[in-house]
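Listed below, chain by chain, are the residues.
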Amino acid sequence: METDGMGARLSKFKIGDLALQSALELERARAGEKYATAPLHDLADALRQTSMPPLGNAGVSSMRPGYFEPLERLYRLQSSEAPSSFDEFSDFIGRAIAELDEVAADQTMPHSLPRLVNFCIELHREFVRRPTAEGRFGKSQRSVPVEALVC
Amino acid sequence: MANHNEVSLLRLSSARRRIDAFLDQIDDLATSSFPHNDGKKALEIIRLQFVGMRGRLDMPVGAAEALIDQTCLHVADQVSDYTEVLGFILRSTNVRNPFELHFALKKLIEHAIGPDAKLLISSEWAFLPFTYPMSIEMLPDFVLIGSPAPESGNVLIAPLAGHEIGHSAWRRYGLFNEYSAIVAQTVADELAAHPKIEEALLHQEQLEALGARIIRDRCGKHAIHQLEEVFCDLFGLYLFGASYIFAYDYLLAPGGYDRNLGYPSDARRMDILREAALKIGIKIDDTVTRRWNVASCRAEARNTASIVDAVAERIVPTMRYDLFARLSKLHVLLPDDKTVSAVQSAFERGEPYAKSASLAEIISAGWLYLRKKGGMAADNQREQYKVLGDLMLKSIEVAEYLERSASDA
């Protein structure tokens, strides 16, 4: 049987789900409760494999088609404005990955923890986008769009 | 008036009760009589996932309201989607389903996808050709094949399952990853070669600073969806030969309607299938593949469509070559013309085929026989059409018996 690594099976849904799990673990950490680092580590890895913009001129991008637009919307939600340059956007993603790595590895809480929790919740919203709430009544399609499940 | 903590408590309790009711439903279904183990296995996996999801509702004190609400929404969506899947699993136990296909299809899937692949055959109360539910996140090793309920016993449309198996293969082979970079680069090349289109798109969408990247991203997203759909068509063609095209024609001809950019136009899909059939020596009826409508594209989508189609067009030949090479390496056999003729001769004698033949060969022979008889839809042919279905199913059973006997020996 042919299988590629974790990246082969990553979908937007899977990444969104990891993001929601990560938000929960970060909140548990903030409350001083026992928390798991695996979702944070997996989310950082998943973002590296699918959503990493090129860093600097020689950087290699892993950004999958269809991933930039929702991440750019996420930037705007968190910063209240659109990124003025691609470098700004790249820094934003790179910083989130670094912070996830930091909490997963050192189990230390960065000052930006509330922002990181918010990043994870918004990432889930963006990657597992669904029809409007009104659409739940008279539902004619899956709650989670098929697109999120397969790419 | 309730305070925020009370609202959080209520929402979390509702989500827990929703999951509990869902788990009770699974436990009820598990007592059903399953013709194959895969249905039961699917229920076990889904159950485990929902038990895990329930644990995620144990929020720490003072958890952000946004996290509580988003988690509750997530639960609602999952219960909603997997309720449909439970219905599918329940219907898979219905005796109206063609269980005779299970052995042959499962073997095909194990061959093409992997030995751990699992299969559920069921029916849908929608006249959709095997489009639901594609790859399901909780059941990545399962192929779910559903035919429209009125057609649940119609073996002739079984080849469309090839397209559905293709979606599982696309994921299992890791092709989204494999084609991401090449799609991104090809989109950039096409836009660079057509600056006026890029300019028009930027103007039309009124995008901000990174607008050009958003245009690229959108084109790339549609292009990779198109590639997946084409991949699935080619996969179905390789597995089922000409019968894939006949089955496709039965449910979807003559195509047309509004264009969805995630798919090539219907007419183009047929061109791609015709070209591919030629490459691997599958004989097809040109008139069937050429008489298709071109789906119309909304005016505002035309510029995007021109880039997306050009990108897919450039990548399809390589993808087709790689897929056929991969299937050949996996020893997935193309239908053999001589065997198809032999099976057809048996049907003409009113007998099932008594030797070993593949599912694709039996169904291809069925289609050829049906076409030779002018479609078998006249009032005085209804019985004959029913007999053809029985002959195909019996031939499939004979092939299964011969194969099982050979492996026992």
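All figures in this text were calculated on a predicted structure; none of them were measured in a lab. (Residues numbered from 1 in each chain as written. Chains lettered and ligands numbered in written order. Predicted model: local features only at pLDDT ≥ 70, side-chain atom pairs only at ≥ 80, totals over all residues. Heavy atoms only, no water.)

**So, the overall build of chain A**
Working step 1: Each helix and strand counted, chain A has 7 helices and 0 strands in total.
Working step 2: In sequence order, the secondary structure elements of chain A are arranged as α-α-α-α-α-α-α.
Working step 3: The burial tally for chain A puts 52% of its 151 residues in the buried class.
Working step 4: The contacts in chain A between residues at least 6 apart in sequence include a share of 59% that link residues at least 24 apart. (Helix = DSSP H or I, 4+ residues; strand = E, 2+ residues; numbered from the N terminus. Buried < 20%, exposed > 50% of the residue type's maximum accessible area, 1.4 Å probe, protein only. Contact = heavy atoms within 4.5 Å.)

**Overview of the pairing of strand 1 (residues 118-124) of chain B**
Residues and elements named next belong to chain B.
Working step 1: For strand 1, the tally of buried residues reaches 7 of 7 residues, placing the bulk of the element in the interior.
Working step 2: The two faces of strand 1 match: K118, L120, S122 and E124 on one face and L119, I121 and S123 on the other face are all buried.
Working step 3: Bridging between strand 1 and strand 2 (residues 142-148) involves 7 bridges; their strand directions are parallel. Paired with K118 across the strands is F142, a residue of strand 2. (Pairing = 2+ DSSP bridges.)

**With respect to the packing of helix 6 (residues 175-193) of chain B against helix 8 (residues 211-240) of chain B**
Residues and elements named next belong to chain B.
Working step 1: For the pair helix 6 and helix 8, the least separation of the axes is 9 Å and the interaxial angle reads 130°. As the angle between them shows, helix 6 and helix 8 are arranged oblique. Taken as a pair, helix 6 and helix 8 cross one another with a handedness that is right-handed. Of the residues in helix 8, those in contact with L175, F176, Y179, S180, V183, V187, A188 and L191 of helix 6 are I215, R216, C219, G220, A223, I224, L227 and F231.
Working step 2: Of the residues assigned to the contact of helix 6 with helix 8, the class counts are 13 nonpolar, 2 polar and 1 charged. (Axes fitted to C-alpha atoms, helices over the stretch in contact; angles between N-to-C directions. Parallel < 35°, antiparallel > 145°, perpendicular 65-115°, else oblique. Left-handed = near helix turned anticlockwise from the far one by under 90°. Nonpolar A, V, L, I, M, F, W, Y, C, P; charged D, E, K, R; others polar.)

**Things to note about unusual backbone geometry**
Working step 1: The amide bond that connects A253 of chain B to the next residue, P254 of chain B, takes the cis arrangement and shows omega of 5°.
Working step 2: Positionally, P254 of chain B belongs in the loop between helix 9 (242-252) and helix 10 (266-279).
Working step 3: Of note, the phi angle at S80 of chain A is positive, near 60°, even though the residue is not glycine.
Working step 4: S80 of chain A gets classed as exposed once you look at its relative accessible area, which sits at 68%.
Working step 5: In the Ramachandran plot, Y257 of chain B falls in the positive-phi region, its phi being about 60° despite a non-glycine side chain.
Working step 6: As for its placement among the helices and strands, Y257 of chain B is situated in the loop between helix 9 and helix 10.
Working step 7: Judged by its relative accessible area of 75%, Y257 of chain B falls in the exposed class.

**Re the pattern of salt bridges**
Working step 1: Counted by the stated rule, this structure contains 38 salt bridges over all chains.
Working step 2: Put simply, R48 of chain A and D101 of chain A hold a salt bridge, and the shortest N to O gap is 2.7 Å. On the criterion of sequence distance, the pair formed by R48 of chain A in helix 3 (residues 38-50) and D101 of chain A in helix 5 (residues 86-106) is long-range, its members being 53 residues apart.
Working step 3: Using a relative accessible area of 29% as the deciding quantity, one classes R48 of chain A as partly exposed.
Working step 4: A residue is classified by how much of its surface remains accessible, and D101 of chain A, at 24% relative accessible area, is partly exposed.
Working step 5: A salt bridge links D286 of chain B to R290 of chain B; its shortest N-O distance comes to 3.5 Å. In this pair, D286 of chain B and R290 of chain B are both assigned in helix 11 (residues 286-290), 4 residues apart and thus about one turn of the helix distant.
Working step 6: Looking at D286 of chain B, the relative accessible area reads 34%, which means it is partly exposed.
Working step 7: Look at the salt bridges and you will find they share partners, linking R268, D271, R274, E275 and E313 of chain B into a network. (Salt bridge = Lys/Arg side-chain N within 4 Å of Asp/Glu carboxyl O.)

**Considering helix 7 (residues 195-205) of chain B**
Residue and element names in this part refer to chain B.
Working step 1: Among the residues of helix 7, I197, E198 and L201 are the ones counted as buried. Down the axis of helix 7, the buried side of the element spans an arc of 100°, and every buried residue falls inside it. Opposite its buried face, helix 7 presents the exposed residues P195, K196, E199 and H203, each directed more than 90 degrees away.
Working step 2: Buried-residue contacts for helix 7 involve helix 6, helix 8 and helix 12 (302-329).
Working step 3: Just downstream of helix 7, Q206 is the residue with a positive phi angle, here 50°. (Arc of directions from axis to C-beta.)

**Examining the packing of aromatic side chains**
Residue and element names in this part refer to chain B.
Working step 1: The tally for this structure, following the rule as stated, stands at 17 aromatic pairs over all chains.
Working step 2: With a centroid separation of 4.2 Å and an interplanar angle of 35°, the aromatic rings of F22 and F50 are classed as tilted. One end of the pair, F22, is in helix 1 (residues 4-29); the other, F50, is in helix 2 (residues 37-55), and 28 residues separate them in sequence. Considered together, F22 and F50 belong to a single accessibility category, that of buried residues.
Working step 3: Look at Y238 and F324: their rings are 5.3 Å apart centre to centre, the planes differ by 40°, and that puts the pair in the tilted class. Of this pair, Y238 sits in helix 8 while F324 is found in helix 12, placing the two residues 86 residues apart along the sequence. For the pair Y238 and F324, one class covers both residues: buried.
Working step 4: These aromatic residues form a ring-pair network of at least three members: W170, Y173, Y179, F231 and F235. (Phe/Tyr/Trp six-rings, centres within 6.5 Å; stacked < 30°, edge-to-face > 60°.)

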